[in-house]
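Here's the letter readout for the chains.
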Amino acid sequence: MGELRRNIIDADFCVVGGGMAGMLAAIAAARHGVKTVLMHDRPVLGGNASSEIRMWISGAGTRVPYLQETGIMEEIALENMYRNPARNFSVWDSILYEKVRFEPNITLLLNCACCQAKMNGDSIAEVTGFQLTTYTWQTVRAKLFADCSGDSILAPLSDAETRKGREAKSEFNEEFGLEKADPYTMGMSLMLQCRETDHPVAYTPPSWAYKFTTDEEMHNKPHTMLKDLNTNFYWIELGGMQDSIHDTETVRDELLKIAFGCWDHMKNHGDHGADNWDLEWVGFLPGKRESLRYVGDYTLTQNDVEAGKAFDDEVAYGGWQIDNHLPGGFFMDGQAGGHLLKRRLTEAYGIPFRSLYSRNVANLMFAGRNLSASHIAFASARVMGTCGIMGQAVGTAASVAIKYGLMPRETGRLHIREIQTLLQEDDCFLPHIPRAISEICKDAKWFSSGDTSALLNGIDRTYGGVDNGYFGKLNIPIVCTFPEKRRVSSFRLVVDSDLEREYMEGNPNLMKIPMPLFFAASYEHTSFGFPTCVLKEFTIDILDDNGEWKTVFEATDNIMRLISGKIDAETTAVRLVPKATWHSSRLYHTYGSGKCHIFAFEVK
Ligand SMILES: Cc1cc2nc3c(=O)[nH]c(=O)nc-3n(C[C@H](O)[C@H](O)[C@H](O)COP(=O)(O)OP(=O)(O)OC[C@H]3O[C@@H](n4cnc5c(N)ncnc54)[C@H](O)[C@@H]3O)c2cc1C
């Protein structure tokens, strides 16, 4: 009892850090057959999106229409919308937990902080973390590693090259670059969660909280917004001029004084519409915006981001605005958002695979806040939808690297198309690269009640002003016939999941965010919806030798956008019979009664 133990795990791929980037890297690799370990230092997954921090996930699609992240990001969002209508953070935590914990190829090490590494030449041979709950040193030996810790913990342990702070204009020729580089970063924040009640609620602040008696002392931060519901307390921010790793504990103490002081101001100093509001929760773990960034073979810049640049090795994309917080944080003067430097983007930019592996440590990849980007490009790419799809790209790339026994750089050079194809098949959108269509579908003939051509155009969402979907009637099959008998091994179906969340009850800006921090202003609105256009019931049938349709796959309660499955038969025809959506009257109004909307139906 009580002694420290040691444990060694052998794996193909080890991911450090279980934020959205690390989770998706681990899940993607594991689903492609890679023996994976995810080492995460907290009890709950999701990083800044977890119940410990409660930052809301946004991404390219929150700003630019139809760029909502799909793949595992949308899978998680749909599951959460379906199972968590009250948007409860414990339910959210449980969904993230089960996605990883019950994925057969993942060993999940929670409460385990990575703090040592051993090198073998220019590669990492093993990493070790201390698991607080078991008093055990957990060592993971693996062929490939991905650092998704946000703080780039493997950089000091492996001597991987990193950059920190804000670059000079001269370095990348960026408009928002500084005249002279400095080491400052965006700060970290503690979030507040509050809820409106039907009666006045008093509040007594702690004696150690700051006293802000006037709006000026609040530095004019937006604090009369409780009914606005489309904002949060992101501006309780500090630490940009300190060290975002080593000073975290002292910055946290200051943030707590500010957080409780702000709530005191809203409740007790002036009318901020907060009389009936109660403080529900205050975070004690600062959410970090920026620490170290790795240097990869390519460094993404402001110019790439603003040009909507396409890369041959595109594996993810961004589209969130350049959202650069100036280092002064809360104490900077300025009106609402005065400490931000923003510029909206109008289209997606590609994130190249070369920005997701280390320039000098051969078997090290990274995703999320760790990516290889300038400070200004990072200011756009740092949002969690974007971090998540970077993670899925890294996990998928790891599976291809393991398959060929190669390091990330060679894998990208020799097999980038394979990585991209796997990502696209898994419903990850690559805005500048069309998805290849299955060979056996190309000379097939299609019959149905609607126009089936969109099913095979390689774009599985409404995009660029084009719907790209098939509209058809429920119970009318979509039939695919081949010129002669073919072996069919699997099907792939992508249905409309309302990426814009425009057919759901409530504020669409909030609907796009899986876990909005604020509950609506009244009790009536504490339940959120599920996208009713999702195809709930359908069958996949094949034509047998007697000329009869035989069902090989049946869904009765589907909640997913991407559905794929095995068929394994020789046949001359396959059909999809859409039977029911999770419809509502609003959907009927928009789509017409008894209709469905499908972006892809293919067999291989
Ligand atoms: C206050 C605030 C507001 C923001 N606003 C938004 C917003 O509105 N929308 C949005 O999408 N994004 C927002 N962001 C940005 C976003 O939250 C981050 O950029 C994002 O969380 C990065 O995701 P990640 O997976 O790369 O890293 P993180 O979410 O930081 O996750 C990394 C995880 O790794 C773990 N870890 C660290 N070190 C170790 C170690 N040594 N061993 C094991 N595990 C380790 C950490 O505990 C952490 O959970 C905001 C950030 C902050 C702080």
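Residues numbered from 1 in each chain as written. Predicted model: local features only at pLDDT ≥ 70, side-chain atom pairs only at ≥ 80, totals over all residues. Heavy atoms only, no water.

S.K.: Before we move on, could you go through the overall build of the chain and cite the residues and values that matter?
M.R.: A tally of helices and strands in the chain yields 14 helices and 27 strands. Against the compact-globule benchmark of 25 Å for 604 residues, the chain has a radius of gyration of 25 Å, which places it among compact chains. Projecting the C-alpha coordinates of the chain onto the three principal axes gives extents of approximately 80 × 65 × 60 Å. The long-range share in the chain, meaning contacts at least 24 apart out of those at least 6 apart in sequence, stands at 77%. For the chain, the computed accessible surface area is about 23100 Å², with 51% contributed by carbon and sulfur atoms. (Helix = DSSP H or I, 4+ residues; strand = E, 2+ residues; numbered from the N terminus. Rg over C-alpha atoms; globule rule 2.2 N^0.38 Å. Contact = heavy atoms within 4.5 Å. Areas by Shrake-Rupley, 256 points an atom, 1.4 Å probe, with all protein chains shown as cover.)

S.K.: Please set out the state of the cysteines residue by residue, giving values where relevant.
M.R.: Applying the stated criterion across every chain yields a total of 0 disulfides. Free of any disulfide, Cys112 has its nearest neighbouring cysteine sulfur in Cys114, separated by 7.8 Å. Summary of cysteine pairing: Cys148 is not part of a disulfide, and the nearest cysteine sulfur, belonging to Cys387, is at 9.2 Å. On the basis of relative accessibility, which here comes to 7%, the residue Cys148 falls in the buried class. (Disulfide = S-S within 2.5 Å. Buried < 20%, exposed > 50% of the residue type's maximum accessible area, 1.4 Å probe, protein only.)

S.K.: An account of the packing of aromatic side chains is requested, with residue identities and associated values reported.
M.R.: Two aromatic rings are characterised by how far apart their centres lie and by the angle between their planes. Here the structure, examined in full by the defined rule, presents 20 aromatic pairs. With centroids separated by 6.0 Å and ring planes inclined at 85 degrees, the aromatic side chains of Tyr97 and Phe102 adopt a geometry described as edge-to-face. By relative accessible area, which is 57% here, Phe102 ends up exposed. Ring centres 4.9 Å apart and planes at 80 degrees place the aromatic pair Phe429 and Tyr463 in the edge-to-face group. Here Phe429, found in the loop between helix 11 (408–425) and helix 12 (439–442), pairs with Tyr463, found in the loop between strand 21 (445–447) and strand 22 (470–473); they are 34 residues apart in sequence, far enough to count as distant. Under the relative-accessibility criterion, Tyr463 is labelled partly exposed at 25%. By way of ring pairs, the aromatic residues Tyr210, Phe212, Phe233, Trp235, Phe330 and Phe331 are connected into one cluster. Above the ring of Phe330, the side-chain terminus of Lys221 is found at 5.8 Å from the ring centroid. Sitting above the plane of the Trp582 ring, Lys536 keeps its charged end 5.0 Å from the centroid. (Phe/Tyr/Trp six-rings, centres within 6.5 Å; stacked < 30°, edge-to-face > 60°. Lys NZ or Arg CZ within 6 Å of the ring centre and 35° of its normal.)

S.K.: Tell me about the layout of surface pockets, and name the residues and values.
M.R.: Taken as a whole, the second largest pocket encloses approximately 790 Å³ of empty space. Secondary-structure elements contributing two or more residues to the lining of the second largest pocket are helix 1 (20–31), helix 3 (72–83), helix 11, strand 23 (478–495), strand 26 (562–581) and strand 27 (595–603). The element that contributes the greatest number of residues to the lining of the second largest pocket is strand 26, accounting for 5 residues. Across the lining of the second largest pocket, the residue classes tally to 12 nonpolar, 9 polar and 12 charged. (1 Å grid on protein atoms, 1.4 Å probe; cavity = no way out; pocket = protein on both sides within 12 Å on 5 of 7 lines; lining within 4 Å. Points joined across faces, edges and corners; volume = space filled by probe spheres on them. Nonpolar A, V, L, I, M, F, W, Y, C, P; charged D, E, K, R; others polar.)

S.K.: Provide a residue-level description of the sheet that holds strand 8 (residues 144–147), including the pertinent values.
M.R.: Ordered in space as 4-3-2-8-20, the 5 strands form an open sheet in which the pairing is parallel. Only two strands of the sheet have a single neighbouring strand rather than two, namely strand 4 (106–109) and strand 20 (364–366). For this sheet, the mean angle separating the axes of adjacent strands, direction not counted, is 20 degrees. Pairing of strand 3 (residues 36–39) with strand 4, which is carried by 4 bridges, proceeds in the parallel orientation. Bridge pairing links Met39 to Leu109 in strand 4. (Pairing = 2+ DSSP bridges. Axes fitted to C-alpha atoms, helices over the stretch in contact; angles between N-to-C directions.)

S.K.: Tell me about the pattern of salt bridges, residues and numbers included.
M.R.: Within this structure, the stated rule accounts for 47 salt bridges. Here Arg293 and Glu167 are joined by a salt bridge, their closest N and O atoms 3.3 Å apart. Residue Arg293 is found in strand 15 (residues 293–294), and its partner Glu167 is found in the loop between strand 9 (162–163) and helix 6 (169–172); the two are separated by 126 residues along the sequence. In this structure Arg293 comes out as buried when scored by relative accessible area, which is 0%. Linking Glu290 and Arg293 is a salt bridge whose minimum nitrogen-to-oxygen distance equals 3.2 Å. Both residues of the pair, Glu290 and Arg293, belong to the buried class. Among the ionic contacts, a cluster of salt bridges with common partners joins Arg31, Glu75, Glu79, Arg83, Glu98, Lys99 and Glu103. (Salt bridge = Lys/Arg side-chain N within 4 Å of Asp/Glu carboxyl O.)

S.K.: With reference to specific residues and values, describe unusual backbone geometry.
M.R.: Even without a glycine there, the phi angle at Asp159 is positive, about 65 degrees. Structurally, Asp159 is set in the loop between helix 5 (154–158) and strand 9. Owing to a relative accessible area of 63%, Asp159 belongs among the exposed residues under this scheme. Positive phi is not limited to glycine here, since Asp568 has a value of about 55 degrees. Examined against the element boundaries, Asp568 turns out to sit in strand 26. A residue is classified by how much of its surface remains accessible, and Asp568, at 55% relative accessible area, is exposed.

S.K.: Report on the sheet that holds strand 1 (residues 5–10), specifying residues and quantitative values.
M.R.: In space, the 4 strands of this open sheet follow the order 1-7-6-5, with mixed pairing throughout. Pairing within the sheet leaves two strands with one partner each, and these edge strands are strand 1 and strand 5 (112–120). Put simply, the sheet's adjacent strands are angled 20 degrees from each other on average, direction ignored. Note that strand 6 (residues 123–131) and strand 7 (residues 136–141) share 6 bridges and pair antiparallel. Paired with Thr128 across the strands is Thr139, a residue of strand 7.

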